[in-house]
Each structure stands twice: as C-alpha cells, then as structure tokens.
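Inside the fold
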There are 2 protein chains.
Amino acid sequence: MEPNQHLHIHVEQDSGAHSHTSADALPWADAARETIRRAGHSKGAARDALIEIMSQRDCAMSVPDMEQALGERPVGRASVYRALELLHGLHLITRVDIGDGVARYERAQLDDDDHHHHMVCDRCGVLIAFDDPELEAAIHKLSDRLGFEATEHEVTLRGACPDCRN
Amino acid sequence: MEPNQHLHIHVEQDSGAHSHTSADALPWADAARETIRRAGHSKGAARDALIEIMSQRDCAMSVPDMEQALGERPVGRASVYRALELLHGLHLITRVDIGDGVARYERAQLDDDDHHHHMVCDRCGVLIAFDDPELEAAIHKLSDRLGFEATEHEVTLRGACPDCRN
DNA sequence: AACGAGAATGAGACTCAATCTCATTTGTGT
DNA sequence: ACACAAATGAGATTGAGTCTCATTCTCGTT
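Residues numbered from 1 in each chain as written. Chains lettered and ligands numbered in written order. Predicted model: local features only at pLDDT ≥ 70, side-chain atom pairs only at ≥ 80, totals over all residues. Heavy atoms only, no water.

**Observations concerning the pairing of strand β5 (residues 117-121) of chain A**
All names here are of chain A. Put simply, the rule is: To sort residues, take the accessible area from a 1.4 Å probe on protein chains only and compare it with the maximum for the residue type: under 20% means buried, over 50% means exposed, and anything in between is partly exposed. Helix and strand labels come from DSSP, where a helix needs a run of H or I of at least four residues and a strand needs a run of E of at least two; each type is numbered from the N terminus. When DSSP finds two or more bridges between a pair of strands, those strands are recorded as paired.
Within β5, 5 of the 5 residues are buried, which leaves it mostly tucked inside the rest of the structure. Burial along β5 is two-sided: His117, Met119 and Cys121 and His118 and Val120, pointing in opposite directions, are all buried. In terms of strand pairing, β5 meets strand β6 (residues 127-131) through 4 bridges, oriented antiparallel. Considered in β6, the bridge of His118 is made with Ala129. Counting the residues in the hairpin turn of β5 and β6 gives 5 residues, including Gly125, whose phi is positive at 80 degrees. As judged from the 4 bridges shared by β5 and strand β7 (residues 149-160), these two strands associate in the parallel manner. If you follow Met119 over to β7, its bridge partner there is Leu157.

**Side note on the packing of helix α3 (residues 63-70) of chain B against helix α4 (residues 77-89) of chain B**
A pair of packed helices is captured by two measures, namely the crossing angle of their axes and the spacing between those axes. All names here are of chain B. Under the convention used in this document: Axis definition: a line fit to C-alpha positions, over the contact stretch in the case of helices; interaxial angles, taken between N-to-C directions, run 0 to 180 degrees. An angle below 35 degrees is treated as roughly parallel, one above 145 as roughly antiparallel, one from 65 to 115 as roughly perpendicular, and anything else as oblique. Crossing handedness is defined as follows: a turn of the near helix away from the far one that is anticlockwise and smaller than a right angle gives a left-handed crossing, while the clockwise case is right-handed. Residue contacts follow a heavy-atom distance rule, with two residues in contact if any of their heavy atoms lie within 4.5 Å. When residues are sorted by character, Ala, Val, Leu, Ile, Met, Phe, Trp, Tyr, Cys and Pro go into the nonpolar class, Asp, Glu, Lys and Arg into the charged class, and all the rest, Gly among them, into the polar class.
Interhelical geometry of α3 versus α4 gives an angle of 120 degrees and a closest axis separation of 11 Å. With respect to their mutual orientation, α3 and α4 come out oblique. When you trace α3 past α4, the crossing you get is right-handed. Two secondary-structure elements touch here, α3 through Val63, Met66, Glu67 and Leu70 and α4 through Arg77, Val80, Tyr81 and Leu84. Among the residues forming the contact of α3 with α4, the class breakdown is 6 nonpolar, no polar and 2 charged.

**Here we look at the side chain of A:His116**
Residues and elements named next belong to chain A. Formally: Polar contacts here mean pairs of N or O atoms no more than 3.5 Å apart (in protein, one a potential hydrogen donor and the other a potential acceptor; neighbouring residues in sequence count only if both atoms are side-chain atoms).
For His116, the position within the fold is in the loop between β4 (104-107) and β5. Judged by relative accessible area, which is 9%, His116 ranks as buried. Among the polar contacts listed, one links the side chain of His116 to the side chain of Glu106, at a separation of 2.9 Å. Sequence-distant contacts of His116, that is, excluding residues within four places in its chain, are made with His8, Glu106, Gln109, Ala129, Phe130 and Asp131.

**Topic: the protein's contact with DNA strand D**
For the record, the criterion: Throughout, the term near means that a residue has one or more heavy atoms lying within 4 Å of the molecule or strand in question.
Neighbouring residues of DNA strand D: 21 residues in total, closest A:Pro74, A:Ser79, A:Arg82, B:Tyr81 and B:Ala103. Considering the 4 Å shell around the protein, atoms of DNA strand D inside it are sugar or phosphate in 71% of instances. In this structure, a phosphate oxygen belonging to DNA strand D sits 3.4 Å away from a main-chain N or O atom of A:Gly44. Between DNA strand D and A:Ser79 there is a distance of 3.0 Å, counted from a phosphate oxygen to a side-chain nitrogen or oxygen. Of all the secondary structure elements, the ones that give two or more residues to the surface near DNA strand D are α2 (45-55) and α4 (77-89) of chain A together with α3 and α4 of chain B.

Here is the structure:
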C-alpha cells in the first residue's frame, strides 16, 4: 500500500509516442546548478549531492527516500530541506503531495512539454504519472477567468488503478 | 500567510448565480448520521459533536481547527481521527491537501453540483474555492481514457490571488 | 428495567516528517 | 593567505497523526 512503484502514462490525442526516460537528467542537473549560481549562491557539497540524486530519478521522491539514496554521503537533514526550499523557490523542482503527509519532490521539466500529474491507487498504493493536454488547457483557461495568477497547479486522482479493478 | 480566510468563487458558463452558503448544513448532518447508522454503527457522542461542528462550516478544516471549535466538549484526538476516517470512507467528507503538511476536511456535497477545488495564494495564504464544469469534464474524460476508476480527484492551483497581484 | 456483548471513547505514549539553533566548515573575493 | 559570508550538520524541538488499552456507552435481549 506504499507508493513504491511508479509508472508513467501519456494520454495521446494525435501525435506519436512520448518518452518518459531519464534522458533529460543531465541537462537538468546542469541547468539547476547554473540557475543557482546565477541567483548568487555559493556552491556547496550537500546541495550538489542532492541535485545529483534528484537528476537520476524520474519519479517523485520523499526526503526519507533522498536520505536513503544519499546513503554513503553524510548530508544533514537540515541541508536537504534547505536545498529543496531553494530548488523549489527557483522552480527547479516541483512538489507533489499525494496525501500521506509526506512531501515528495521531482525535477521540474525544462520544456513544459513534459508537465504531468499523478494518480494514486487506493488499494495497491501505486503512483502513476500522466499528462493530458486537454486538462492543461482547461486549467489555463480557468485561471485566466479567475484572475488568479497560477504559477503552479497540481491534479491528483485517487481510486482504483487498471490492475486493481479486476 | 496562514489559510485563515476563505472565499468561494463559481466560474459561470451560462447559468445564473450559484450560492455557496451553509444552507445545506443541516441536511448534511442528518444525511451523515443516517448513512453512518445504515452502515451498522452505533451512535457516539464524539462523532456526533464532530458532525455538528463540520456541518456548520463551509470551509476546509484541519484537525487542530476542529479541536479548537469543539472547545468545551472534551473529544479525544483519537476519536476525531477515527470519526474522520469513517466519514471519509463513507464519502461524507472530502480531504483537502493544500501542501502545508496538515490535512483538511470539508463536507462532501450531497448533489455533485457543488463539487469544487482550491487555489492557495503563496503570498497571503488565502484559500479560495472554485468550481468549473469544463475542468470537471476534462477530468472525467481523462480518467476514462486512462482506465483508472477515479473515485476522487483534487485540483490545487498555487500562485498570486487577485488581491496580491497588485 | 437490568444484563451483557460489542462498539465507541479518551488519556497518553509513541512515531516520524519537518523546523530551528548554533557551532563548525567551506567557498569566494581580495 | 586572509577574512567575511554562505553553507553545512548534529541534535534538540515541534506538531500532526497513530496506536494501545482501560473505561464508558449503545443497543438488542431477557
């Protein structure tokens, strides 16, 4: 029932396949470090290690996940949270909240071509990512009408995944 | 910066005004108690007090909010969480997660005419409820296409509210 | 109305993510 | 190399949420 599995689905409207591999990992790490430098920050080992870890994973990670992934490297809790705060403030990562009281974070997409949301299966706990142009369009139109300048949005579906429906 | 203010907005497409008053409060409390009874549960003072509190508020409440609202009445923490679990399981309340690590709950709408989502202002912390038929339609089409049986969904917009844009 | 099985309750211990403090280490410009 | 500022980490602290278990209450039965 823990979200330890991850899938990615792309809802096709018309075009071809859409890959969700970690091909963008390295460019993201570089872009992140560059953005941080330009924002006037010194470099630091803890933050660098965290960027390294996050660049290697496609799926949303919790802080405990990160601490485990860091393993060898001794990175203090406080530094992890500080780094996440900075990365989030610079829109380099996105916060994902699936409702279990644990914040998760994942790389923000450089091209907003790859923007996506999540479904959580109530039964097996699987976390499935998906993206849907039609949904994005509805959200953009909506925030315009509301006069709300939305810098971020998050959509979470909860229910039974295809496997658990059987 | 705390979500202590609440507004409700309805995005009109065609029809007339839509009220978001607590007119439905009493029917909801009755329906809730009836549903619980039919589900085979005995009645209990703590749960009843909680239903009373929740029926009087339109906006999403956190557990600390509820404990404060209960004030006089001595309701144990455990009973509050148990009652919420039961109410949620019976779809009588909806869980709202605005990303501050505190779960909030609000009455589920009896008619799904009044289903809504939330915007959180990053600056002043105001929590604004809205509903949009177009967004709902996009989500329903989406979950059909995904083969995901979504019993619940949640949309959260983050950014600057109309007031804070100035 | 008294009885008893099972449900509901509450005090408080406990877990764990997240925050805060502050002394120490590291990075950077001079 | 020097000095100041930024980054780091160990550990204390907070606070939401969970768990346990003894007690109280409900409700059908007698």
